Amino acid sequence: MTLIKGREPRDDNEIAVNEEFARLMNWGDDIVGRIVPESSKIAKHPVTVTGLLRDFNIGGFFEEPMPYLMFYSRYFYPTMYLRVKEPFKQNLMQLEESMKELFPAYDIEFSLMEKEISDTYENVRQFRNATVMACVVILFITLMGFIGYIRNEVQRRGKEIAIRKVNGAESHHLFSLLIRDIVSIAVPSIIAGAVAAWFTGKIWLEQFTVEVNFLAGYYILASIAVLVAIVLCVYVMTRKIVNENPVIRLKNE
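Please read all numbers here as calculations on a predicted model, not as lab measurements.

Even after reading the chapter, I still don't get the layout of surface pockets, so can you show me in this structure?
Regions of empty space are outlined by a rolling probe, equal in size to a water molecule, passed over the atoms. The computed volume of the largest pocket comes to approximately 1,800 Å³. In this structure, the largest pocket is lined by 43 residues; those nearest its centre are Thr131, Cys135, Ala197, Tyr219 and Ala222. Here the lining of the largest pocket takes 14 residues from helix α4 (residues 122-156), the largest share from any one element. In this model, the second largest pocket occupies a volume close to 1,300 Å³. Lining of the second largest pocket is provided by 31 residues; of these, Met80, Tyr81, Leu82, Ser111 and Met113 occupy positions nearest its centre. Looking at the lining of the second largest pocket, the elements with two or more residues in it are α2 (88-102) and α3 (113-120). Within the lining of the second largest pocket, the residues separate by chemical class into 20 nonpolar, six polar and five charged.

Explain the state of the cysteines here, please?
Simply put, the disulfide is a covalent bond whose two ends are the sulfur atoms of two cysteines. Inspection of the entire model under this criterion finds zero disulfides. We note that Cys135 lacks a disulfide partner, and the nearest cysteine sulfur, in Cys233, lies 19 Å from it.

Explain the side chain of Glu14 to me, please; I cannot follow it from the model alone.
Looking at the secondary structure, you find Glu14 in strand β2 (residues 14-18). Under the relative-accessibility criterion, Glu14 is labelled buried at 15%. In this structure the side chain of Glu14 is engaged in a polar contact, spanning 2.8 Å, whose partner is the side chain of Arg7. With sequence-adjacent residues up to four places away left out, Glu14 is seen in contact with Arg7, Glu8, Pro9, Thr48, Thr50, Met70, Phe71 and Tyr72.

Would you mind going over the environment of Ala192 with me for this structure?
Mapped onto the fold, Ala192 is located in helix α6 (residues 171-205). Assessed through its relative accessible area of 47%, Ala192 is described here as partly exposed. Separated by 18 residues in sequence, Ala192 and Val210 place their C-alpha atoms 27 Å apart.

I would appreciate a short explanation of the packing of aromatic side chains in the present structure.
In this description, an aromatic ring pair is defined by two values, namely the gap between the centres and the angle between the planes. A complete count under the given rule lists four aromatic pairs for this structure. Between Phe21 and Trp27, the ring centres sit 5.7 Å apart and the planes meet at 75°, which makes this aromatic pair edge-to-face. Taken individually, Phe21 and Trp27 each receive the classification buried, so the pair is uniform in this respect. Aromatic side chains Phe127 and Trp204 sit 5.6 Å apart centroid to centroid with 25° between the ring planes, which places their arrangement in the stacked category. Of this pair, Phe127 sits in helix α4 while Trp204 sits in helix α6, placing them 77 residues apart in sequence. What makes Trp204 partly exposed here is its relative accessible area of 31%.

Any chance you could explain the packing of helix α5 (residues 158-166) against α6 here in plain terms?
Each packed pair of helices is defined by two parameters, the angle between the axes and the distance between the axes. Axis separation between α5 and α6 bottoms out at 10 Å; the angle between their running directions is 150°. In terms of their interaxial angle, α5 and α6 are classed as roughly antiparallel. Considering how the two elements wind past one another, α5 and α6 form a crossing that is right-handed. In this structure, α5 uses Glu160, Ile161, Arg164 and Lys165 to contact α6, whose residues at the interface are Leu174, Leu177 and Leu178. When grouped by side-chain class, the residues that make up the contact of α5 with α6 number four nonpolar, no polar and three charged.

How should I be thinking about the nonpolar core in this particular structure?
Side chains that are nonpolar tend, in soluble globular proteins, to be buried together. Core analysis: the biggest nonpolar cluster contains 17 residues, and Phe146, Ile150, Ile182, Ile230, Val234 and Val242 have the highest contact counts within it. Going through the elements one at a time, α4, α6 and α7 (215-243) are the ones with two or more residues in this core. No other element matches the eight residues that α6 contributes to this core. Once residues lying within four places of it in the same chain are set aside, the contact partners of Ile182 are Phe146, Tyr149, Ile150, Ile230 and Val234. By size, the runner-up hydrophobic cluster in this structure holds eleven residues, among which are Ala22, Ala43, Val47 and Leu52.

Explain a nonpolar patch on the surface to me, please; I cannot follow it from the model alone.
There is a patch of nonpolar side chains on the surface, built from Ile220, Leu221, Ile224, Val228 and Leu232 and spanning about 490 Å² of accessible area. If you trace the backbone, Leu232 turns up in helix α7.

Quick notes on the rules
Residues numbered from 1 in each chain as written. Predicted model: local features only at pLDDT ≥ 70, side-chain atom pairs only at ≥ 80, totals over all residues. Heavy atoms only, no water. 1 Å grid on protein atoms, 1.4 Å probe; cavity = no way out; pocket = protein on both sides within 12 Å on 5 of 7 lines; lining within 4 Å. Points joined across faces, edges and corners; volume = space filled by probe spheres on them. Helix = DSSP H or I, 4+ residues; strand = E, 2+ residues; numbered from the N terminus. Nonpolar A, V, L, I, M, F, W, Y, C, P; charged D, E, K, R; others polar. Disulfide = S-S within 2.5 Å. Buried < 20%, exposed > 50% of the residue type's maximum accessible area, 1.4 Å probe, protein only. Polar contact = N/O pair within 3.5 Å; in protein donor to acceptor, adjacent residues only side chain to side chain. Contact = heavy atoms within 4.5 Å. Phe/Tyr/Trp six-rings, centres within 6.5 Å; stacked < 30°, edge-to-face > 60°. Axes fitted to C-alpha atoms, helices over the stretch in contact; angles between N-to-C directions. Parallel < 35°, antiparallel > 145°, perpendicular 65-115°, else oblique. Left-handed = near helix turned anticlockwise from the far one by under 90°. Core = buried A, V, L, I, M, F, W, Y, C linked by side-chain atoms within 4.5 Å. Patch = residues over 30% accessible without salt bridge, like charges linked within 9 Å, V, L, I, M, F, W, Y side chains within 5 Å. Areas by Shrake-Rupley, 256 points an atom, 1.4 Å probe, with all protein chains shown as cover. Salt bridge = Lys/Arg side-chain N within 4 Å of Asp/Glu carboxyl O.

Taken by themselves, the reported measurements are silent on function.
Here's what the structure looks like:
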């Protein structure tokens, strides 16, 4: 919780509210010092707002921020949240042993907040892992098909490459010729794939109330990485035929 204005409540007659609550009350920027009357059913007696909290997700990232009120209490509730220093596991074990010694008649249990949060998003994590595995398999199949396509293209144009070399074409000219032809097909495909991925990802992210910023940058970087991989693959697979003696190629033809 982040306190934006004022302070936390220190008495039964004081409360702190979050931004969403202040917005629903139409308080504007004048929030600290507001009196919430008894008739509002928020408290059994009039209370004064002493602080403003920044909105935070109470029910996880699947729900919009809800109105929140912080009251002062002199009593402990059945559930308490404690911050444990590193190493977490060892300190947690020591805490459990100390509580058993102090309160032997009570059954006090501790659980890690990290595990509770992880369990909340278990379905999302499973879907993500399945999607990553499917993408790896699809990428491998696509790469095998792409390598086969380049190999057939190089073999088909082997005589053309040899004739160009005999006529004085340099190796870098031949590389640029082959790369340009393949890139002219790859670039529209990459753009179409990036747009489809962005559209699909946008639909999936609509279930969350908080989204990652600058998502377009990730799609652009991924598209550039795929294009660089294609160029490198073409260069590696055509290097041998471009650098070989054109007489041998023409003789075999």
